[in-house]
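Given next are the chains, with one letter for each unit.
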Amino acid sequence: RTKRQTYPYVLESMYKNEADFDGKRVELLKDPSEDIRKNGLLFIGGDGKVGLVPQPNHTFSIEIFHEIVRLTSAKSGSERSAAAYALDRMSAFDPVAAKTVFLRLAKDPDSDVRWRSAVALKNQRGQKDVDLMYKALLNDPSPEVRHMTQISMASVKGKSSVTNITGIAGNSNATGAVVSK
């Protein structure tokens, strides 16, 4: 790994000029190196930290949101997964567009990308398209996807997860549901 591909470099490049903090994020997301883009996405999606380094409270721009959406179509599954991670944090910019992207990502060939849709859309259950996505993910061939889908469904307060999982899944392989109210 080169210096440009490490988290310290990403942090250093972002913090050198606080006035252009958002501009640095956009640069990272447009960098030719997949590792740099992925580190930038993980930093943005990291909810305030990379490792143990806190991220200052900065607002994000719509340009960052659009770059993240663009990177959800990257060639690399790990980069698409990192983009989904960042998009989950940024979805408030355009919830309708984010939902559309997550519904598309639920059909991604990479299992690490698919389960992120279940996590991101857990608060939108009860909508027909989202429930159909959950049904598909509960029947996914990947045990990781099925497990993370069940966990995301169980983590929503105020909803009986066992009822919702079995109700959505029908005659699926969804087992091991956790009860949550």
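Thresholds applied
- Residues numbered from 1 in each chain as written.
- Predicted model: local features only at pLDDT ≥ 70, side-chain atom pairs only at ≥ 80, totals over all residues.
- Heavy atoms only, no water.
- Helix = DSSP H or I, 4+ residues; strand = E, 2+ residues; numbered from the N terminus.
- Buried < 20%, exposed > 50% of the residue type's maximum accessible area, 1.4 Å probe, protein only.
- Contact = heavy atoms within 4.5 Å.
- pLDDT = per-residue confidence, 0-100.
- Polar contact = N/O pair within 3.5 Å; in protein donor to acceptor, adjacent residues only side chain to side chain.
- Salt bridge = Lys/Arg side-chain N within 4 Å of Asp/Glu carboxyl O.

### A few points about the overall build of the chain
Consideration 1: For the chain, the count of helices and strands is 10 helices and 2 strands.
Consideration 2: Listed N to C, the secondary structure of the chain is α-α-α-β-β-α-α-α-α-α-α-α in terms of helices and strands.
Consideration 3: Taking all 181 residues of the chain together, the buried fraction comes to 45%.
Consideration 4: Within the chain, contacts between residues separated by at least 24 positions form 59% of all contacts whose residues are at least 6 apart in sequence.

### Looking at the confidence of the model for the chain
Consideration 1: Per-residue confidence for the chain gives a mean pLDDT of 79; residues scoring 70 or more make up 66%.
Consideration 2: Looking over the chain, one finds the lowest element-wise mean pLDDT in strand β2 (residues 53-54), namely 46, and the highest in helix α6 (residues 95-105), namely 97.
Consideration 3: Taken as a whole, residues 50-54 scores under 50 in pLDDT and shows 7 contacts with residues more than four places along the chain or in a different chain.
Consideration 4: Note that residues 171-181 has pLDDT below 50 and, in this model, 25 contacts with residues that lie over four places away or in other chains.

### Digging into the environment of Glu79
Consideration 1: Its location among the elements puts Glu79 in helix α5 (residues 77-90).
Consideration 2: Classification of Glu79 by relative accessible area gives buried; the value is 2%.
Consideration 3: Discounting chain neighbours no more than four positions away, the residues touching Glu79 are Glu34, Arg37, Lys38, Leu41, Leu71 and Ala74.
Consideration 4: Within the local environment of Glu79, its side chain forms a polar contact with the side chain of Arg37, the two groups lying 2.5 Å apart.

### Focus on the pattern of salt bridges
Consideration 1: Considering all chains together, one arrives at 7 salt bridges under this definition.
Consideration 2: Here Glu67 and Arg70 are joined by a salt bridge, their closest N and O atoms 2.8 Å apart. Of this pair, Glu67 and Arg70 both sit in helix α4 (residues 62-71), 3 residues apart, which is roughly one turn of that helix.
Consideration 3: According to the relative accessible area criterion, Glu67 is buried, its value standing at 10%.
Consideration 4: A salt bridge links Asp112 to Arg116; the nearest nitrogen and oxygen atoms lie 3.9 Å apart.

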